[in-house]
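# Residue-level structure breakdown
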Amino acid sequence: MNGVKLYELTAHEIRALLEQREVSPVEVLDSVFGHIQDLEPALRAYITLCPDDAREAAEQARKAYADRSGAPQPGKGALFGIPIAIKDNMCTEGIRTTCGSRILYNFVPPYDATVVSRLKKDGAVIIGKTNMDEFAMGSSTENSGFFNTYNPWKKGAVPGGSSGGSAATVAANGAVLALGSDTGGSVRQPASLCGVVGLKPTYGLVSRYGLVAFASSLDQIGPITKDVTDCALLLGVIAGHDPFDSTSAPVKVPDYTAYLDKDIKGVKVGIPKEYMGEGIDPDVRRVVEAAISVLRGLGAVVDECSLPHTDYALATYYLIAPAECSSNLARFDGVRYGLHKEGQSLEDMMSRTRQEGFGEEVKRRIMLGTYALSAGYYDAYYAKAQKARTLIRKDFEEAFGRFDVLLSPTSPTVAFMAGERVDNPLQMYAGDLCTIPVNLAGLPAMSVPCGFSKGLPVGLQIIAPHFEEGRLFTVAHAYERATAWRQFRPALDAQAPAAPEDASGGVDRAGEAPEHVLPAPEM
Amino acid sequence: MRIDREEVLRIARLAHLELAPDEVARFTEQLDTILNYMEKLRGLDTQGVEPTYHALQDLANVFRQDKVGEVLPIEKALANSPEREANFFKVPRIVEERG
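Residues numbered from 1 in each chain as written. Chains lettered and ligands numbered in written order. Predicted model: local features only at pLDDT ≥ 70, side-chain atom pairs only at ≥ 80, totals over all residues.

What follows concerns the overall build of chain B. Regarding its fold elements, chain B presents three helices and two strands. Scanning chain B from its N terminus toward the C terminus, one meets helices and strands in the order α-α-α-β-β. Computed over C-alpha atoms, the radius of gyration of chain B comes to 23 Å, more than 25% over the 13 Å expected from 2.2 N^0.38 for 99 residues, which places it beyond the range of a compact globule. Along the three orthogonal principal directions, the C-alpha set of chain B runs to about 55 × 50 × 30 Å. Within chain B, the fraction of its 99 residues that count as buried is 16%. (Helix = DSSP H or I, 4+ residues; strand = E, 2+ residues; numbered from the N terminus. Rg over C-alpha atoms; globule rule 2.2 N^0.38 Å. Buried ≥ 20, exposed ≤ 12 C-beta atoms within 10 Å, placed from the backbone.)

See the structure below:
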């Protein structure tokens, strides 16, 4: 395969080459790992790389293709032999899973998350675990307990978060595709800021078994990919009922690729005016308006609508999510796994372990959640937020009575510089304006690249009713085919510049940080 | 002030966090700002509105047969324990010896 850089290809392009026996899964893996070596000094997307396990999986896939009988049938094993990165909050048996936290710096899970076992069963090759905001709490990956990840489009800019490592590495071709998790926008926002496709599925569509819990009524795992087709393929592999997750929905999973290559004539598109007003950067708004015009040109019927309780969504989310997190993170006590500090008593041991192991944002949210749930405040804060959540959910129900999908910017701004928002939690939270209501309502939503502002990518968010992921694929794919944003590549991918200085917000904590493993070159 | 230093210390104790002095000062200020922002919810009329605990309204409690399935072997379950003794996780003494 002279001239073709395998690491630049999408999963479906690689699949076509594998089926024609043009390349082998081992060549694909070598190409990706070779590129990771060039990228990582400046990008820092991975906490752990697993070249040996990956090599073994790729070797098996190579043999299967070589003797033909073991190769997947057309339409089956969509990711057979394809390298994938996993956000470091999903358990991988035998591979360290830190959740971006020093409290789990040495945790090696004894089992696979359901999404991971489904990927392995499909034949995907897991290449590493990506950096993230600690316990997925953050919008910039600066809350990682280990180091910052950078945006491949601009030196010193954040990749978004919390799935910043997954989005940055897919954008820079350091993985063919990746998994992220999304509690308030953590798949869609980094996908938007890095110029890739990110999907938060309907709550309950993808099993959360083996995902380190943050806010259990909001968390969902979702794909981060180079294009819409790959997103459909990856969702098809990970979606579906799982008896190990009691919030997993007993629904039949359709073939999502059947929703691609369709036209969108007559599709009713609503633009919630609350997502296009104050708080949205005017340049971002202009780019999104241009994207809406493209869809109109393709035959979509566009009209404005209103989600009147949007203004209450941030306050609602930042009560519910911290309340759930304060309860979920009680399990990190220094007894069964992770960091352990000696103490005079059990309480002393737990408090010292948690004090040492948790970073500032995690402590802030545990404090906020504990406060909101504590006696005397419960009704005023938590119970009130649960009712506000009902009103936000009903806004969407009403809108979907008139529209097939809703459109908005994914993030109110393009990528910002590291350190810019770390001292102002409310400013950081405000960046989740357009994504948070979707989690509160449990809806599926996708971010697709729709242009640039100041040289940085802008994402278009498409929202659909529960379990109508198919509509997202139809609209996003129609838009993707009508535009050509993927022809623009991030600077870091084209030529590796010098490593950015670590900004003040993200300090390398040598000593207890996991070793940043890079594979030996295999030529 | 919606929250003061004493309250922050009380919450930290409830959450098993041994905050450093500078964190107590910073969190007091930041939590106060955040809680002030949350006040906007007070202005929202929620009379007669049912709470949403879960986004999928038609998903009820899930039960299964009380039958032992595949279980984690003891060695695997204990593999990450910072301190163990025989087949147990070891913690500091909780019950004092009688004098």
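Chain B puts 42 residues into the contact, and the matching count from chain A is 55 residues. Elements with a minimum of two residues in the side of chain B that touches chain A: helix 1 (5-14), helix 2 (21-38) and helix 3 (74-78) of chain B. The element that contributes the greatest number of residues to the side of chain B that touches chain A is helix 2 of chain B, accounting for seven residues. In terms of residue class, the side of chain B that touches chain A is made up of 28 nonpolar, eight polar and six charged. (Contact = placed C-beta atoms within 7 Å. Nonpolar A, V, L, I, M, F, W, Y, C, P; charged D, E, K, R; others polar.)

Residues and elements named next belong to chain B. Packing of helix 1 against helix 2 leaves a shortest axis separation of 9 Å and a crossing angle of 105 degrees. With respect to their mutual orientation, helix 1 and helix 2 come out roughly perpendicular. Judged by residue contacts, Arg 5, Val 8 and Leu 9 of helix 1 engage Val 24, Phe 27, Thr 28 and Leu 31 from helix 2. Tallied by class, residues from the contact of helix 1 with helix 2 come to five nonpolar, one polar and one charged. (Axes fitted to C-alpha atoms, helices over the stretch in contact; angles between N-to-C directions. Parallel < 35°, antiparallel > 145°, perpendicular 65-115°, else oblique.)

Our focus in this paragraph is unusual backbone geometry. Residues and elements named next belong to chain A. Residue Ser 162 is reached from Gly 161 by a cis peptide bond, and omega for that bond is 10 degrees. Among the structural elements, Ser 162 can be located in the loop between strand 3 (125-130) and helix 5 (164-171). Unlike most non-glycine residues, Ala 136 shows phi in positive territory, near 65 degrees. Inspection of the secondary structure puts Ala 136 in the loop between strand 3 and helix 5. Its 31 C-beta neighbours within 10 Å are what place Ala 136 among the buried residues. Phi at Asn 173 is positive, roughly 65 degrees, even though this residue is not glycine. Looking at the element boundaries, Asn 173 is found in the loop between helix 5 and strand 4 (177-182).

All names here are of chain A. The mixed open sheet is built from eleven strands, whose spatial order is 1-3-2-4-6-5-10-11-9-7-8. Looking at the sheet topology across the chains shown, the edges are occupied by strand 1 (46-49) and strand 8 (301-305). Strand-to-strand twist in this sheet, taken as the mean axis angle between neighbours without regard to direction, amounts to 30 degrees. Sheet topology places strand 9 (residues 405-409) next to strand 11 (residues 456-463); four bridges connect them, and they run antiparallel. Within strand 11, the position partnered with Pro 409 by the bridge is Leu 460. Sitting on the sheet, helix 15 (residues 469-482) touches strand 5 (197-200), strand 9, strand 10 (445-453) and strand 11, and the angle it makes with strand 10 is about 20 degrees. (Pairing = 2+ DSSP bridges.)

The end-to-end C-alpha separation of helix 11 (residues 360-373) of chain A is 20 Å, in line with the 20 Å expected for 14 residues at 1.5 Å each. Among the 14 residues that make up helix 11 of chain A, eleven are buried, leaving the element largely enclosed by the rest of the structure. Along helix 11 of chain A, the positions that sit buried rather than exposed are Val 362, Lys 363, Arg 364, Arg 365, Ile 366, Met 367, Leu 368, Gly 369, Thr 370, Tyr 371 and Ala 372 of chain A. Where the residues of helix 11 of chain A are buried, they touch helix 9 (313-328), helix 12 (379-402) and helix 13 (425-430) of chain A together with helix 1 and helix 2 of chain B. (Expected span 1.5 Å × (residues − 1).)

All names here are of chain A. Ranked by size, the top nonpolar core spans 189 residues in total, and within it Leu 79, Ile 84, Val 125, Ile 127, Leu 319, Val 405 and Ile 462 carry the most contacts. With ten residues, the top contributor of residues to this core is helix 9. Ignoring sequence-local partners within four residues, the contact set of Ile 84 consists of Leu 79, Leu 119, Ala 124, Val 125, Ile 126, Ile 127, Ala 175, Val 176, Leu 177 and Ala 178. (Core = buried A, V, L, I, M, F, W, Y, C linked by C-beta atoms within 7 Å.)

On to the environment of Val 196 of chain A, then. Residue and element names in this part refer to chain A. In this structure, Val 196 sits in the loop between helix 6 (188-194) and strand 5. On the neighbour-count criterion, Val 196 (31 C-beta atoms within 10 Å) is buried. Between the alpha carbons of Val 196 and Val 448 there is a distance of 6.5 Å; along the sequence they are 252 residues apart. In this structure Val 196 touches Ala 167, Val 170, Ala 171, Ala 191, Ile 224, Thr 225, Lys 226 and Pro 449, once residues within four positions along its chain are discounted.

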